[in-house]
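Chain by chain, the residues run as shown.
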Amino acid sequence: MVRTREFDTEAAVSRAMELFWSRGYEATSVRDLTQHLGIGQGSLYAAFGDKDGLYRAALEHYRATLAATALDSQATAADARSAIRTLLVERIRIAVSDDGRGCLAVNAVCERLPGDAATRRTVRDMQDASQDAIAEVLRVAAERGEITTPHDPATLAAFLVTFLNGLLVTAKIAPDARALEPLVEVALVALG
């Protein structure tokens, strides 16, 4: 007889995301996960297949929640410069929190690539979504005359995402928002 799942898988994925984010993939054992989630090993395997499956679910949850929220903040900004500044500063603040745990996506890249193709796809999708959203903000801003950069919006968006990834790695080395936030102003010079 098949037993029904006795735990909230969405809540379990969210809690697993936090554990992977603070410890990393390799340092998080299946035992750590089952204890942290309050479920048995059989339940974890039945719901997610294995540790990798739960990790992929945690990355997807990160993408659907925190990464998506960061992109949504651009829609409420008064102008492109404010939108980009807010996006970058908020990501820095998240990365330096909890003693510099960084960004789960950037951490995943640093820890799991080049050997993990599934992680590469997930993080590439996140990066592409960020670049596309920023490029659209920049395209509209250029049409309105808010920015005067000689670079096309897609190239400038790729630069900003690359810059952000560097900031997020640096936030793990030196988790000090006051030292990192002024760098955002330097990057904004590229907007013209």
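Residues numbered from 1 in each chain as written. Predicted model: local features only at pLDDT ≥ 70, side-chain atom pairs only at ≥ 80, totals over all residues. Heavy atoms only, no water.

Novice: Which parts of the structure should I look at to understand the packing of aromatic side chains?
Specialist: Aromatic rings considered in pairs are described by the distance between their centres and by the relative angle of their planes. One pass over the full model with this rule turns up 5 aromatic pairs. Here the aromatic rings of Phe 20 and Tyr 55 are separated by 4.9 Å at their centres, their planes lie at 85°, and the arrangement is edge-to-face. In this pair, Phe 20 sits in helix H1 (residues 9-23) while Tyr 55 sits in helix H4 (residues 51-72), placing the two residues 35 residues apart along the sequence. Of the two residues, Phe 20 and Tyr 55, neither departs from the other in class, the shared state being buried. Counting every residue linked through ring pairs, the aromatic cluster contains Phe 20, Tyr 25 and Tyr 55. When the ring centre of Trp 21 is taken as reference, the NZ or CZ atom of Arg 101 above it lies at 3.4 Å. A cation over a ring is seen here: Arg 112 above Tyr 25, with NZ or CZ 3.7 Å from the ring centre. (Phe/Tyr/Trp six-rings, centres within 6.5 Å; stacked < 30°, edge-to-face > 60°. Helix = DSSP H or I, 4+ residues; strand = E, 2+ residues; numbered from the N terminus. Buried < 20%, exposed > 50% of the residue type's maximum accessible area, 1.4 Å probe, protein only. Lys NZ or Arg CZ within 6 Å of the ring centre and 35° of its normal.)

Novice: Explanation requested: the environment of Ala 68 in the structure shown.
Specialist: Among the structural elements, Ala 68 can be located in helix H4. Each C-alpha atom, one on Ala 68 and one on Arg 81, is 19 Å from the other, the two residues being 13 residues apart in sequence.

Novice: What exactly am I supposed to notice about the environment of Pro 175 here?
Specialist: Structurally, the position occupied by Pro 175 is in the loop between helix H8 (153-173) and helix H9 (177-188). Counting along the chain gives 161 residues from Pro 175 to Ser 14, while the straight-line C-alpha distance between them is 24 Å. Beyond its immediate stretch of four places on either side in the chain, Pro 175 contacts Val 96, Asp 99 and Gly 100. (Contact = heavy atoms within 4.5 Å.)

Any functional reading would require information beyond the geometric quantities listed.
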